[in-house]
Amino acid sequence: MPESDLGDIGADEFREHGHAAVEWIARYLEGIEARPVLSRATPGQVRAGIPDAPPEEAESLTDILADIDRVVMDGITHWNHPGFMAYFAISGSGPGILGEMLTAAFNANGMLWKTSPAVTELEEATLDWLRQMLGLDAGLRGILMDTASMATFSAMVAARERATGGETRRRGMDGHRLRAYTSEEAHSSVIKAAISCGIGEEGIRRIRADGAFCMDADALSAAIEEDIAAGWTPLFVVATVGTTSTTSVDPVGEIVAACRPHGIWTHVDAAYAGMAAIADEYRWALEGCESVDSLVVNPHKWLFTPIDCSAFYVRDPAALQEAFSLVPEYLRTEDRDVTDYMDWGLQLGRRFRALKLWMVIRRFGRAGLAARIREHIRLAHVFAARVESDDRFELMAPAPFSTICFRYRPHGMSDEPALRDLNAAILDAVNATGTVYLSHTALRGAYVLRLAVGNLRTTKRHIEQAWVAVTESLGHLPIH
Ligand SMILES: Cc1ncc(COP(=O)(O)O)c(C=O)c1O
């Protein structure tokens, strides 16, 4: 191979195919509604279109890009589709997509301030903007992580070190009996964090939730007292603002008050619903967070930033550093008064994640973001009103934000297994339409359907379409 062929592709080839790729993306987003939102691929279908062996010789970008349509598309569930209302609906917005392109172009690794000062300083500044938009106090400093799971894990490790005076870092658990607490409605990532950091599944106490699915702070206090009496060291609590099933909000202020006397680290998982606080009338969502130790919100959930992008705020970055910092000689620098984010967590290499968030915030503005969030809440409540007005259906939980829990329950039927089968059949029928994608959860043993609004393309028409899909699905049920 001639030496001239050993570098990257030329600028002209990049330009030509780059323009084609952008054109492809623009057409994809414009026409996305014509596609079935949930992939209809069968297991192995995508794999079957991919050769078993890698290409020996170079292929053209024309051929490679053509395979996006031929091989990939049928296996994509379109999270950017306006009918995507499953889990928490998200958007990879235009500004965010452009930000991702630039991030790849720079390919900068922000492990140290020195390895790309802009990566660190844009991240610090953007997270401070977001902090202000959320109405959080200036005592919180931010770092971007890939996911809320990683943020909660990092907070738990820092809490573990604080509680054991750095001993677990040196000697492992060594007989420590450590306790963490979260509600029975908390996300599984909290349990995974406990599994990963040595506290273990049995080291986590799931605190009872009340009738509105919010953590019972009195039950938390009682559990802490009981554990102390039994020789456990309570060290960490996760309160959730916007639980995954119903979006209930734990009483953060009361939880902080229960933890403070014992020096327990309080972490708030506001992965989805924290963003609501950008709209003034939803500021209450983050009330009580003035003195929490840490908090996570996910711009990749409800702030229109392409996945992954999770904003982790911590009051005492030194606690993270004490838990994680380990600097080999080759990474030592003489820089002072700078942030080396590699010291704040597990990962060393760090992508330029702030760029896309910075572009999203600038292109939409705080007011534009608040208006979009407000609209999603309004649309979800249009759906809730349809459910309420039809006596064959019932709402299953309060809906403070843009997620509605409901189920079909004809003639006051009370046979839970039968209701489960009916609602599971509704879900399958709705999702088979290709126009809407809903998901489900379990609430106190009941099988419940969930509709979550969070995609920028979703409008009232799509909400009506979802309701039509739900009611028409009844025609396919064995009994109704
Ligand atoms: C409340 C809550 N916390 C955490 C997570 C996990 O988020 P991530 O995928 O960013 O780890 C989710 C996911 O939906 C969630 O709903």
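Residues numbered from 1 in each chain as written. Predicted model: local features only at pLDDT ≥ 70, side-chain atom pairs only at ≥ 80, totals over all residues.

Q: Which residues make up the overall build of the protein, and what values go with them?
A: Secondary structure assignment for the protein yields 15 helices and eleven strands. The globule rule puts the C-alpha radius of gyration for 480 residues at 23 Å, and the 24 Å found for the protein is close to it. Structurally, the protein occupies a C-alpha span of about 75 × 60 × 45 Å along its principal axes. Taken over 480 residues, the protein has a buried fraction of 44%. (Helix = DSSP H or I, 4+ residues; strand = E, 2+ residues; numbered from the N terminus. Rg over C-alpha atoms; globule rule 2.2 N^0.38 Å. Buried ≥ 20, exposed ≤ 12 C-beta atoms within 10 Å, placed from the backbone.)

Q: I'd love a proper account of unusual backbone geometry, names of residues and values included.
A: Here the amide bond leading from I307 into D308 is cis, since omega sits at 10 degrees, within 30 degrees of zero. By secondary structure assignment, the location of D308 is in the loop between α11 (299–302) and β7 (310–314). The residue Y87 is not glycine, and still its phi comes out positive at about 45 degrees. Relative to the assigned elements, Y87 resides in the loop between α3 (61–72) and α4 (94–106). Judged by local crowding, Y87 falls into the partly exposed class, with 18 C-beta atoms found within 10 Å. Phi is positive for N107, close to 50 degrees, though the residue is something other than glycine. Note on N107: 9 C-beta atoms within 10 Å, which makes it exposed.

Q: Run through helix α6 (residues 148–163), naming residues and quoting values.
A: Counted at 1.5 Å a residue, the expected span for α6 with its 16 residues is 22 Å, and the 22 Å between its end C-alpha atoms agrees. Burial analysis of α6 places 16 of its 16 residues in the buried class, which makes it a mostly covered element. Following α6 by one or two positions, G165 has its phi on the positive side, about 60 degrees. (Expected span 1.5 Å × (residues − 1).)

Q: Help me get a handle on the packing of helix α14 (residues 416–432) against helix α15 (residues 460–473), residues and values and all.
A: Viewed as axis vectors pointing N to C, α14 and α15 meet at an angle of 130 degrees, and their least axial separation amounts to 9 Å. Classified by the angle between their axes, α14 and α15 sit oblique to one another. For the element pair α14 and α15, the recorded crossing hand is right-handed. Each of I426, A429 and V430 in α14 lies in contact with α15, whose residues at this interface are A469, V470 and S473. (Axes fitted to C-alpha atoms, helices over the stretch in contact; angles between N-to-C directions. Parallel < 35°, antiparallel > 145°, perpendicular 65-115°, else oblique. Left-handed = near helix turned anticlockwise from the far one by under 90°. Contact = placed C-beta atoms within 7 Å.)

Q: Explain the site of the ligand to me, and be specific about the residues and the numbers.
A: Taken together, 15 residues lie near the ligand, and T147, A148, S149, H187 and T244 sit nearest. For the shell around the ligand, the per-class residue count stands at four nonpolar, ten polar and one charged. (Near = placed C-beta within 6 Å. Nonpolar A, V, L, I, M, F, W, Y, C, P; charged D, E, K, R; others polar.)

Q: I'd like a description of the pairing of strand β10 (residues 439–443), backed by residues and values.
A: Relative to strand β11 (residues 446–452), β10 runs antiparallel, the two sharing five bridges. Bridging from a neighbouring strand, S439 pairs with R450 of β11. Linking β10 back to β11 in an antiparallel pair, the connection comprises two residues, with R444 at a positive phi of about 45 degrees. (Pairing = 2+ DSSP bridges.)

Q: With reference to specific residues and values, describe the nonpolar core.
A: Among the nonpolar cores identified, the biggest contains 135 residues, and M85, M156, I255 and A276 are the most heavily contacted of them. With 14 residues, helix α13 (residues 354–388) is the single largest residue contributor to this core. Apart from the residues within four sequence positions on either side, M85 is in contact with V436, Y437, L438, L451, A452, V453 and A466. (Core = buried A, V, L, I, M, F, W, Y, C linked by C-beta atoms within 7 Å.)

Q: Mind laying out the packing of α4 against α13, listing which residues take part and the relevant values?
A: In the contact formed by α4 and α13, the axes pass within 8 Å of each other and the chain directions differ by 150 degrees. Looking at the two axes, α4 sits roughly antiparallel to α13. You can see that α4 and α13 cross each other, and the crossing is right-handed. Residues P95, G96, L98, G99, E100, L102 and T103 of α4 pack against L355, K356, M359, V360 and R363 of α13. The class makeup of the residues in the contact of α4 with α13 is six nonpolar, three polar and three charged.

Q: Outline the domain arrangement of the protein, supporting the account with residue identities and numerical values.
A: What the domain assignment reports for the protein is domain 1 (10–38 + 77–92 + 365–480) and domain 2 (109–351). Its C-alpha centre places domain 1 at a distance of 29 Å from the equivalent point of domain 2. Contacts between domain 1 and domain 2 engage 19 residues on the former and 21 residues on the latter. Sorting the residues of the side of domain 1 that touches domain 2 by element identifies α13, β9 (403–408) and β10 as the ones contributing at least two each. (Domains from an automatic or database assignment.)

Q: Before we move on, could you go through the sheet that holds β9 and cite the residues and values that matter?
A: Here we have four strands laid out as an open sheet, ordered β8-β9-β11-β10, and antiparallel in their pairing. Edge strands, defined here as strands with exactly one partner in the open sheet, are β8 (393–395) and β10. Ignoring strand direction, the axes of neighbouring strands in this sheet form an average angle of 40 degrees. Across three bridges, β8 lies against β9 in antiparallel orientation. Within the sheet, the bridge partner assigned to E394 lies in β9 and is R407.

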